[in-house]
Amino acid sequence: MMKRDSKPPTVLFGQVVIGPPGSGKTTYCLGMQEFLTKLGRKVAVVNLDPANDTLPYECMVNIAELVTLDDVMDSLKLGPNGGLIYCMEYMEANFDWLKEKLEKFKDHYFLFDCPGQVELYTHHSSVKNIFAQLVKWNFRLAAVHLVDSHYCADPAKFISVLCTSLSTMLHVELPHVNVLSKMDLIEQYGKLAFNLDFYTDVLDLSYLLEHLTSDPFFKKFKCLNEKLVELIEDYSLVSFVPLNVQDKESMVQVMKTIDKANGYCFGDMEQRSLEALMSAAVGADFHFSTLAVQEKYLEPNVMTLKEEMMEL
């Protein structure tokens, strides 16, 4: 008879934080590390960005120990884009180094701070292969795709962001959470054409087309924009969670959404009540968070309108 003394492999949970440059990935990792630590999770932040030489968080594993973008650009005479692609391919060729580093933190929750080059997540395969290797090592990961909320103020840019998000979701092939970051700054970008839930839930995008056709520059691209909108709506995959790193309630909602995506809420890593578990399972708190953020950041505009009507 076969002996069954061997223990099942340890399941490791974590997030791969991706998004365009300037979307707030490093700030997010710092905020989420501090937030989860206060909740009692042991968090290990892994820097996979060879161009990131300023790390505000406590970094447990740093790709800079293996390769840096500056060294590659100097030695191989490459530009920043080609150099970054080379760095990720070099990381892919040195999985043994990464595995050895990660094995020291088997009892931790992982945050992977990834590069910001968009093509790494839309058609290049190195980062996708790195994520796939982590899954083979029994990681349960969710891709957290950060998008700057200022794109909501421009219909053309928002459609572009939707296309990029959709392409990233299809290419990366991980449970995916799209996040609208920097919600505390959204008023600085101008008044939104629609309520916040229109952008987070990605509702009927035909209304965005009406705004675009009113602009003479975009009017001639009406057919192209219509096809792009149809493509996004046909897949019905893209939606967003609003985030302000400084707001604890906002962080809780993002954390619950991610825990639902990678299965952490169903594990035994934390003691959770049945009510909290069911809430995360059905996503009951998601719409509440959207309304709360909308009230917090858009209510001043509504109050001003009411005051003007009363004066009239």
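Above this note sits the structure.
Predicted model only: the values in this text are computed from it and were never measured.

Conventions used here
Residues numbered from 1 in each chain as written. Predicted model: local features only at pLDDT ≥ 70, side-chain atom pairs only at ≥ 80, totals over all residues. Heavy atoms only, no water. Helix = DSSP H or I, 4+ residues; strand = E, 2+ residues; numbered from the N terminus. Buried < 20%, exposed > 50% of the residue type's maximum accessible area, 1.4 Å probe, protein only. Axes fitted to C-alpha atoms, helices over the stretch in contact; angles between N-to-C directions. Parallel < 35°, antiparallel > 145°, perpendicular 65-115°, else oblique. Left-handed = near helix turned anticlockwise from the far one by under 90°. Contact = heavy atoms within 4.5 Å. Nonpolar A, V, L, I, M, F, W, Y, C, P; charged D, E, K, R; others polar. Polar contact = N/O pair within 3.5 Å; in protein donor to acceptor, adjacent residues only side chain to side chain. Core = buried A, V, L, I, M, F, W, Y, C linked by side-chain atoms within 4.5 Å. Pairing = 2+ DSSP bridges. Expected span 1.5 Å × (residues − 1). Patch = residues over 30% accessible without salt bridge, like charges linked within 9 Å, V, L, I, M, F, W, Y side chains within 5 Å. Areas by Shrake-Rupley, 256 points an atom, 1.4 Å probe, with all protein chains shown as cover. Salt bridge = Lys/Arg side-chain N within 4 Å of Asp/Glu carboxyl O.

Draft legend 1. Broad picture of the environment of E58. Its place among the elements puts E58 in the loop between β2 (43-47) and β3 (59-62). Judged by its relative accessible area of 53%, E58 falls in the exposed class. Distance in space between the C-alpha atoms of E58 and V46 is 9.2 Å, their sequence separation being 12 residues.

Draft legend 2. Molecular detail of the packing of helix α4 (residues 95-102) against helix α6 (residues 126-136). One way to put it is that α4 packs onto α6 with a least axis distance of 12 Å and a crossing angle of 45°. With respect to each other, α4 and α6 are oriented oblique. Here the hand of the crossing between α4 and α6 comes out right-handed. Between α4, through F95, L98 and L102, and α6, the contact on the second element is made entirely by N129, I130, Q133 and L134. Residue composition of the contact of α4 with α6, by class: 5 nonpolar, 2 polar and no charged.

Draft legend 3. Layout of the environment of N262. With respect to the secondary-structure elements, N262 resides in helix α12 (residues 248-262). Sequence-distant contacts of N262, that is, excluding residues within four places in its chain, are made with F13, G14, Y109, R140, L141 and A142. Here the side chain of N262 touches G14 through a polar contact of 3.3 Å, landing on its backbone oxygen.

Draft legend 4. Layout of the nonpolar core. Judged by nonpolar contacts, the single largest core of 35 residues is most densely connected at L102, F110, F112, F131, L134 and F139. By size, the runner-up hydrophobic cluster in this structure holds 26 residues, among which are F158, L212, I232 and V238.

Draft legend 5. Quick look at unusual backbone geometry. Look at K77: it is not a glycine, yet its phi comes out positive at around 55°. Within the secondary structure, K77 is located in the loop between α2 (69-76) and α3 (80-92). Of the residues examined, K77 reaches a relative accessible area of 72% and is grouped as exposed. Phi at S236 is positive, roughly 50°, even though this residue is not glycine. On the secondary structure map, S236 appears in the loop between α11 (222-235) and β7 (240-242).

Draft legend 6. Spotlight on the sheet that holds β3. The strand order β3-β2-β4-β1-β5-β6-β7 describes an open sheet built from 7 strands, whose pairing is parallel. Two strands bound the open sheet, and with one partner strand each, they are β3 and β7. Pairwise comparison of adjacent strand axes, ignoring direction, gives a mean angle of 30° for this sheet. Strand contacts of α4: β2, β3, β4 (109-113) and β5 (139-148), with the helix running at about 165° to β3, the strand carrying the most contacts.

Draft legend 7. Quick peek at helix α1 (residues 25-38). When the terminal C-alpha atoms of α1 are compared, their 20 Å separation across 14 residues agrees well with the 20 Å that a helix rising 1.5 Å per residue should span. All of the buried residues along α1 are K25, Y28, C29, G31, M32, Q33, F35 and L36. Looking at the packing, one finds that the buried side of α1 touches β1 (12-18), β2, β4, β5 and α12. The first or second residue beyond α1 is G40, which carries a positive phi of 105°.

Draft legend 8. Structural view of the packing of α2 against α3. Close contact between α2 and α3 brings their axes to 9 Å; oriented N to C, the two are set at 110°. The orientation of α2 relative to α3 falls into the category roughly perpendicular. The way α2 lies across α3 gives a crossing that is right-handed. Between α2 and α3, the residues in contact are L69, V72, M73 and L76 and P80, G83, L84, Y86 and C87, respectively.

Draft legend 9. Seen up close, a nonpolar patch on the surface. A cluster of nonpolar side chains, contributed by L76, L78, Y86 and Y90, occupies part of the molecular surface with about 320 Å² of accessible area. Considering the arrangement of structural elements, one finds L76 in helix α2.

Draft legend 10. Broad picture of the environment of E92. Within the element layout of this structure, E92 appears in helix α3. Separated by 33 residues in the primary sequence, E92 and S125 have C-alpha atoms spaced 9.8 Å apart. The residues touching E92, leaving out its near neighbours within four places in the chain, are S126, N129 and I130. Side-chain polar atoms of E92 contact the side chain of S126, separated by 3.1 Å. In this structure the side chain of E92 is engaged in a polar contact, spanning 2.8 Å, whose partner is the side chain of N129.

Draft legend 11. Local environment of the pattern of salt bridges. Per the counting criterion, the structure on display carries 6 salt bridges. Note that K42 and D107 form a salt bridge whose closest N and O atoms lie 2.5 Å from each other. Linking K42 in the loop between α1 and β2 with D107 in the loop between α4 and β4, this pair joins segments that are 65 residues apart in sequence. As a salt-bridge pair, K227 and E230 come within 3.9 Å of each other at their nearest N and O atoms. With a gap of 3 residues between them, K227 and E230 both fall in helix α11, about one helical turn apart. We classify K227 as exposed; its relative accessible area is 54%. With a relative accessible area of 39%, E230 lands in the partly exposed category.

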